[in-house]
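# Residue-level structural notes
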Amino acid sequence: MADKTIAIISQKGGSGKTTLSLNLAAGLALRGPTHLVDADPQRSISQWVAMSVSNAGLPPVTQLGKDPLATIEQLEYDHRYVVIDCPPIIQGDTVVAIMRAVQIVLIPVLPSPIDLWSSVEMVGVISQARRWNPDLRASLVLNQVETRNALSRAMSEALAELDMPILKASMQRRAAYRSAAVEGVSVYGLGKRAEPAVTDMEAIIEEILCL
Ligand SMILES: Nc1ncnc2c1ncn2[C@@H]1O[C@H](COP(=O)(O)OP(=O)(O)OP(=O)(O)O)[C@@H](O)[C@H]1O
Ligand SMILES: [Mg+2]
């Protein structure tokens, strides 16, 4: 049985779901058998992995079939970690089914008060999912952080009102994340030039393994 099944969810396009899913899965794959699930009809993860060479160290990818629960349960049976990249929707049947099946939901969010406020809908959706999945844990993850916008006062206030935990670790804005996507690898496969991005990902992984 899987130790952790993690869905990356946000209704906001371009918030970093696919970037976080793929790099998170690549880091988890160094710890144990890991599988990626592409639940997005845009098929970004599948395209990313299709570009990779066979030794890129990327986990295998399955596209979510008609029965999300069955697909996830089957993968959980023989993988330690399952990571699911979701489409930019939070109300659809597929995402609702995924939230009932997973242990952890991560919500990447850009570091601006406006983007944080747009996560308010997620709070309601998560509490609905907890009616079927009472142990579901959920956390925001800041993405594209620049040192100067780490956590402005306006963001801290927005966060306090949102009542949703946020990981201490975050993804900084780094060219390595874009390069990895172009080259069909994860940041773990980019060598020295991506060391700071790998440090971001390792901190995120260590934190979520304790959730
Ligand atoms: N931390 C980062 N630093 C630099 N570029 C980033 C970072 N995170 C994401 N990007 C870039 O931002 C763009 C959007 O990211 P991504 O595709 O992961 O978002 P998404 O939430 O999956 O989008 P969609 O909603 O369309 O599925 C991509 O070009 C990606 O390379
Ligand atoms: Mg995506």
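Scroll up a little and you will see the structure.
Notes on the structure follow. In every chain, residue numbers begin from 1 and rise along the written sequence. For naming, the first written chain is A and the first written ligand is 1, with later ones following in the order written. For this predicted model, a pLDDT threshold of at least 70 governs which residues receive local features, and a threshold of 80 or more governs which side-chain atom pairs are given and counted, while totals over whole chains, interfaces and linings are taken from all residues. By convention in this description, side-chain values take in all heavy atoms of the structure and omit both hydrogens and water.

### Structural notes on the pattern of salt bridges
So the rule is basically this: For this document, the term salt bridge refers to a Lys or Arg side-chain nitrogen within 4 Å of an Asp or Glu carboxyl oxygen. Numbering goes from the N terminus for both helices and strands, where a helix is a DSSP run of H or I of at least four residues and a strand is a run of E of at least two.
Going through the model one piece at a time under the given rule, you end up with 9 salt bridges. In this structure, E146 and R173 form a salt bridge, with 3.4 Å as the shortest nitrogen-oxygen distance. With E146 in the loop between β6 (137-142) and α7 (153-162) and R173 in the loop between α7 and α8 (175-183), the pair connects residues that are 27 residues apart, well separated along the chain. In this structure, a network of salt bridges that share partners links the residues R31, E202 and E206.

### What to know about the layout of surface pockets
Threshold: For cavity detection a 1 Å grid was placed over the protein atoms alone, and a set of points counts as a cavity when a 1.4 Å probe fits there but cannot get out; an open set counts as a pocket when protein lies on both sides within 12 Å along at least five of seven lines, with lining residues being those that have an atom within 4 Å of a point. Grid points are joined across faces, edges and corners, and a volume is the space filled by probe spheres set on the points. Amino acids are sorted into nonpolar (Ala, Val, Leu, Ile, Met, Phe, Trp, Tyr, Cys and Pro), charged (Asp, Glu, Lys and Arg) and polar (every other residue, Gly among them).
There is about 470 Å³ of room inside the largest pocket. The wall of the largest pocket is formed by 23 residues, among which G14, G16, T19, N143 and Q144 lie closest to the centre. Ranked by the residues each element gives to the lining of the largest pocket, the list is headed by α8, at 4 residues. Of the residues assigned to the lining of the largest pocket, the class counts are 7 nonpolar, 11 polar and 5 charged. Each pocket or cavity is described by its volume, and for the second largest pocket that value is around 150 Å³. Forming the walls of the second largest pocket are 13 residues, and the residues nearest its centre are A39, D40, P41, L64 and T94. A class-by-class count of the residues in the lining of the second largest pocket yields 7 nonpolar, 3 polar and 3 charged.

### Re the pairing of strand β5 (residues 104-109)
Heads up, the condition is: The cut-offs for exposure are 20% and 50% of the maximum accessible area for each residue type, with area from a 1.4 Å probe on protein chains only; residues under the lower value are buried, those over the upper are exposed, and the others partly exposed. Each pair of strands is called paired provided DSSP finds at least two bridges between the two strands.
Of all 6 residues that make up β5, 6 are buried, and the element is covered over most of its length. In β5, alternate side chains face the same way, and those of I104, L106 and P108 on one face and V105, I107 and V109 on the other are all buried. Bridge count for strand β1 (residues 4-8) against β5 is 3 bridges, and the pairing is parallel. Looking at β5, one finds that A7 is bridged to V105. Bridge count for β5 against β6 is 6 bridges, and the pairing is parallel. Bridging from a neighbouring strand, L106 pairs with S139 of β6.

### Side note on the pairing of strand β4 (residues 81-85)
For β4, the buried fraction is high: 5 of the 5 residues fall into the buried class. Burial along β4 is two-sided: Y81, V83 and D85 facing one way and V82 and I84 facing the other are all buried. Inspection of the sheet shows β1 paired to β4 by 5 bridges, in the parallel sense. Opposite I8, over in β4, you have D85 as the bridge partner.

### Here we look at the site of ligand 1
What counts here: Nearness here has a simple test: a residue counts as near a molecule or strand if at least one of its heavy atoms is within 4 Å of that partner. In protein, a polar contact means a hydrogen-donor-capable atom and an acceptor-capable atom, both N or O and within 3.5 Å, with residues adjacent in sequence counting only if both atoms are side-chain atoms; elsewhere, any N or O pair within 3.5 Å suffices. Calculation of accessible area relied on Shrake-Rupley with a 1.4 Å probe; when residues are assessed, cover is drawn exclusively from the protein chains displayed. Should more than half of a molecule's atoms lie within 2 Å of a pocket's or cavity's grid points, that molecule is taken to sit in it.
Taken together, the neighbourhood of ligand 1 is formed by 18 residues, with K17, T18, T19, N143 and Q172 sitting nearest. At a separation of 3.0 Å, an oxygen atom of ligand 1 approaches a polar backbone atom of G14. Its free accessible area being 630 Å², ligand 1 has 83% of it covered by the protein chains. At a threshold of 2 Å from the grid points, most atoms of ligand 1 map onto the largest pocket. If you list the elements that add at least two residues to the shell around ligand 1, you get α1 (17-29) and α8. Residue composition of the shell around ligand 1, grouped by class: 2 nonpolar, 10 polar and 6 charged.

### Re the side chain of S139
Defined as follows: The contact criterion used is simple: two residues touch if any of their non-hydrogen atoms lie within 4.5 Å.
Mapped onto the elements, S139 comes out in strand β6. Looking at S139, the relative accessible area reads 3%, which means it is buried. Sequence-distant contacts of S139, that is, excluding residues within four places in its chain, are made with V105, L106, I107, P165, I166 and L167.

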